[in-house]
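Take a look at the letters that make up each chain.
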2 protein chains.
Amino acid sequence: MGKTAFFCAGLLAAGSAFAAVKPETAIHYRQSVYHVILWNLAPLSEMYKGKLPFDAKEAELRAARVAEASEQLLEGFTPGSDKGAETEAKAEIWQNFDDFQAKMHDFTAQSKALLAVVKTGDEAKFKAQFDNMKGTCKACHEKYRSE
Amino acid sequence: MGKTAFFCAGLLAAGSAFAAVKPETAIHYRQSVYHVILWNLAPLSEMYKGKLPFDAKEAELRAARVAEASEQLLEGFTPGSDKGAETEAKAEIWQNFDDFQAKMHDFTAQSKALLAVVKTGDEAKFKAQFDNMKGTCKACHEKYRSE
């Protein structure tokens, strides 16, 4: 990533729409979205485990960002981007794209449900819904992520 | 990024809030946010240059994502994260953090202005505002990014 990622003009000069995007660009993009998701999941996870006190306002901010980012993952799985840079995405993704897409939509739906729950300020419900959301991560990783 | 970025449980298990986050984690996080910004700027740039027809709906989606992501950059510039992984962020950022922060806020303000403009569907105003936004990228990169 390095050189290009920090500079607006890099991709601005590239002159290609997503249809023509290089596999490695798509791979780096989706890995970036996952990284943003992980960053925002971290404080939620701490609250879920009781290592940080439940803070409804902070949880709302983080859940909103996870939900938004979850909707930005799919476009990074462009046709042919099972190769092109180091990736843990299995070729099965493109062989079962409808199922993969459904699993992504599950993640978004459960993230949005988490956002709705933290807005109520109910810690127990937050923990239960965090579990539901984690289940959608796991379901997709087990089937479509190589370790 | 690779191994951890694709798997929720990676950071979930890390057990640290942002205050205690490792410099390399913060660096990878902020580079990821920049990458997400670049991805979403690309179609806007194509429209700006006339290489893609102006599509107000698509521009609105992309401008919204750029504006949201712009607000997620600052927390990646944690104290001490001028080192720890390959980064183009200059040490001057932390020596002039108020100014750096002000420049980040300019970027967010101009991204939000871009979002407001594309909602009107006026292509000429979109291009003028895209120029304004680019100016905020440049202002920050010239001072705080090493090439």
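**Q** In this structure, what is going on with the overall build of chain A? I would like to understand it.
**A** Each helix and strand counted, chain A has seven helices and zero strands in total. Walking chain A from its N terminus toward its C terminus, one meets helices and strands in the order α-α-α-α-α-α-α. Relative to its full complement of 147 residues, chain A shows a buried share of 47%. For chain A, long-range pairs separated by at least 24 residues make up 74% of all intrachain contacts whose partners lie at least 6 apart in sequence.

**Q** Please explain helix α7 (residues 123–144) of chain B as it appears in this structure.
**A** For an α-helix the count is 3.6 residues per turn, leaving residues at separations of three or four pointing the same way. Residue and element names in this part refer to chain B. In this model α7 runs 32 Å from its N-terminal to its C-terminal C-alpha over 22 residues, within 8% of the 32 Å that 1.5 Å per residue would give. Listed as buried for α7 are Phe126, Gln129, Phe130, Met133, Thr136, Cys137, Cys140, His141 and Tyr144. On an axial view of α7, the arc spanned by its buried residues comes to 125°, and they lie on one face. Exposed side of α7, more than 90 degrees from the buried face: Ala124, Lys138 and Glu142 are the residues found there.

**Q** Honestly, the pattern of salt bridges in this entry has me stumped. Any pointers?
**A** Two side chains that carry opposite charge are able to pair once their charged atoms sit near each other. One pass over the structure, following the stated rule, counts 21 salt bridges over all chains. With its nearest N and O atoms 3.6 Å apart, the salt bridge here joins Glu123 of chain B to Lys127 of chain B. Taken as a pair, Glu123 of chain B and Lys127 of chain B lie in helix α7 at a separation of four residues, close to a single helical turn. The salt bridge partner of Glu142 of chain B is Lys138 of chain B, with a shortest N-O separation of 3.9 Å. A residue pair is termed a helical-turn pair when its members lie 3 or 4 positions apart in one helix, as Glu142 of chain B and Lys138 of chain B do in helix α7 at four residues. Through salt bridges with shared partners, one network takes in Glu58, Arg62 and Arg65 of chain A together with Glu75 of chain B.

**Q** How should I be thinking about the environment of Phe100 of chain A in this particular structure?
**A** Within the secondary structure, Phe100 of chain A is located in helix α6 (residues 97–120). Once you skip the residues sitting within four places of it in the chain, Phe100 of chain A turns out to touch Leu74, Phe77, Ile93, Cys140 and Tyr144 of chain A.

**Q** What's the story with the environment of Pro53 of chain B in this structure? I'm lost.
**A** Residues and elements named next belong to chain B. Considering the arrangement of structural elements, one finds Pro53 in the loop between α3 (23–48) and α4 (56–70). Under the relative-accessibility criterion, Pro53 is labelled exposed at 67%. The spacing of Pro53 and Pro43 is 10 residues in sequence and 9.9 Å in space, taken between C-alpha atoms.

**Q** In this structure, what is going on with the state of the cysteines? I would like to understand it.
**A** A covalent bond between the sulfur atoms of two cysteines is referred to as a disulfide. Residues and elements named next belong to chain B. Applying the stated criterion across every chain, the model contains zero disulfides over all chains. Looking at Cys140, it has no disulfide partner, and the nearest cysteine sulfur is the one in Cys137, 8.8 Å off. Look at Cys140 and you get buried, because its relative accessible area is 9%.

**Q** Sorry if this is basic, but what is going on with the side chain of Gln31 of chain A here?
**A** Turning to its location among the elements, Gln31 of chain A is positioned in helix α3 (residues 23–49). Side-chain polar atoms of Gln31 of chain A contact the backbone oxygen of Glu86 of chain A, separated by 2.9 Å.

**Q** How should the packing of α3 of chain A against helix α7 (residues 123–144) of chain A be read in this particular structure?
**A** A pair of packed helices can be characterised by two numbers: the angle between their axes and the separation between those axes. All names here are of chain A. It is the contact of α3 with α7, at a shortest axis distance of 10 Å, that shows an interaxial angle of 130°. Considering the angle they form, α3 stands oblique to α7. Along this stretch, α3 crosses α7, giving a crossing that reads as left-handed. Along its contact with α3, which presents Leu41, Leu44, Ser45, Met47 and Tyr48, the element α7 presents Phe126, Lys127, Phe130, Asp131, Met133 and Lys134. The residue makeup of the contact of α3 with α7, split by class, is seven nonpolar, one polar and three charged.

**Q** Please clarify how the side chain of Arg145 of chain B should be interpreted in this entry.
**A** Tracing the backbone shows Arg145 of chain B in the segment after α7. Only 3.2 Å separates the side chain of Arg145 of chain B from the side chain of Glu88 of chain B, close enough to count as a polar contact.

About the thresholds
- Residues numbered from 1 in each chain as written.
- Chains lettered and ligands numbered in written order.
- Predicted model: local features only at pLDDT ≥ 70, side-chain atom pairs only at ≥ 80, totals over all residues.
- Heavy atoms only, no water.
- Helix = DSSP H or I, 4+ residues; strand = E, 2+ residues; numbered from the N terminus.
- Buried < 20%, exposed > 50% of the residue type's maximum accessible area, 1.4 Å probe, protein only.
- Contact = heavy atoms within 4.5 Å.
- Expected span 1.5 Å × (residues − 1).
- Arc of directions from axis to C-beta.
- Salt bridge = Lys/Arg side-chain N within 4 Å of Asp/Glu carboxyl O.
- Disulfide = S-S within 2.5 Å.
- Polar contact = N/O pair within 3.5 Å; in protein donor to acceptor, adjacent residues only side chain to side chain.
- Axes fitted to C-alpha atoms, helices over the stretch in contact; angles between N-to-C directions.
- Parallel < 35°, antiparallel > 145°, perpendicular 65-115°, else oblique.
- Left-handed = near helix turned anticlockwise from the far one by under 90°.
- Nonpolar A, V, L, I, M, F, W, Y, C, P; charged D, E, K, R; others polar.

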